[in-house]
Every structure is written in C-alpha cells, then in structure tokens.
Amino acid sequence: RRAESGDWTEITDALVPQIAPALEGATRVTLIAKSMGTSLFGGIRSLLPTTTKVVWITPLFGDPAVAGDVIRARFRCLSVYAADDAAHDPEWQAKVTAACNGAEMAFETGGHGLALSDGQLAELRSAVESFVG
C-alpha cells in the first residue's frame, strides 16, 4: 500500500539485501526496468557502479522524483516507450535523455504495456543488443 502512494522504501528495503551481494565488485551492470521498476531505482542506485547502463521500458519519468534520481545517477540509458502511453511524459523524457547521454526508441502505438508486433520486438531486441554491446 505504501508503494501505491509513492513510498517505495518497503520494497527497496526488501530488494537491497537480495541484490547487493550480486553487485558487489561488479564492473559491468545492465539494469532493465519497466514502469514501476523505474520507481525503485532511487533505492538501489548507490549499489550500482558508475559504468552501469540502463534500459528503461515505459519509464515513469513524469514523476519528478523518479526522473531526478535517474538524472543524478547520469547512467547512460536507452529509453523505450510508446507515444500513445498515457504515462509517458515527453518533456521529462527529453530531460533524462539529454542528461544521461541517452538514446530513445519510440513506438507510435503499444500503450503502457508496450504491446509490440513481432517485427517491433525484433527492432527492440536489435536496439538493446547494440546499446548493451
């Protein structure tokens, strides 16, 4: 219930002990977060090396707290979204992309669930592989 009101601490407090050992000493990390997973980023950011790359899928950058955490981290990122996603905020998306030396992959349709055709999924796969490369 706290997460529903924007307080993600209960979830991040549960996640940190689970992922911290795997990240200890890591020099190459790729984080992939979809939607609400972007809201958890602030709680785990300090665990990630500065070389982390992030793939944001339908990110919730319309929440200034989420966008602010992402911008402060300045991790290179690829943001994937659908233009018809009601949760997509083009203004904050542009701010994040600029601040993080990011790239964007926009689909005209797909909604917040990012329902894509097989061809679009192949495009997405190729973009992610190139980005992570």
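See the structure printed just above.
Description of the structure in this document. Since we're looking at a predicted model, the values are computed, not measured. (Residues numbered from 1 in each chain as written. Predicted model: local features only at pLDDT ≥ 70, side-chain atom pairs only at ≥ 80, totals over all residues. Heavy atoms only, no water.)

Moving on, we get to the sheet that holds strand β2 (residues 53-57). Reading across from one edge, β1-β2-β3-β4 is the order of the four strands in this open sheet, with parallel pairing throughout. If you trace the sheet from one side to the other, it starts and ends with β1 (30-34) and β4 (103-107), each paired once. Averaged over neighbouring strand pairs, the angle between their axes works out to 10° when direction is ignored. This element, helix α5 (residues 90-99), spans β3 (76-82) and β4 of the sheet and lies at about 150° to β4. (Pairing = 2+ DSSP bridges. Helix = DSSP H or I, 4+ residues; strand = E, 2+ residues; numbered from the N terminus. Axes fitted to C-alpha atoms, helices over the stretch in contact; angles between N-to-C directions. Contact = heavy atoms within 4.5 Å.)

Inspection of the entire model under this criterion finds zero disulfides. Among the cysteines around Cys77, which has no disulfide bond, Cys100 carries the closest sulfur, lying 4.6 Å off. Residue classification places Cys77 among the buried positions, given a relative accessible area of 0%. (Disulfide = S-S within 2.5 Å. Buried < 20%, exposed > 50% of the residue type's maximum accessible area, 1.4 Å probe, protein only.)

Take the pattern of salt bridges next. A pair can form between side chains of opposite charge whenever their charged atoms are brought close. In this structure the tally under the stated criterion is four salt bridges. Residue Asp69 is joined to Arg45 by a salt bridge in which the shortest nitrogen-to-oxygen separation is 3.6 Å. Of the two residues, Asp69 is situated in helix α4 (residues 64-73) and Arg45 in the loop between α3 (41-44) and β2; the sequence distance between them amounts to 24 residues. Residue class for Arg45 comes out partly exposed when judged on its relative accessible area of 26%. Asp69 is the partner of Arg72 in a salt bridge, and the nearest nitrogen-oxygen pair spans 2.9 Å. With a gap of three residues between them, Arg72 and Asp69 both fall in helix α4, about one helical turn apart. (Salt bridge = Lys/Arg side-chain N within 4 Å of Asp/Glu carboxyl O.)

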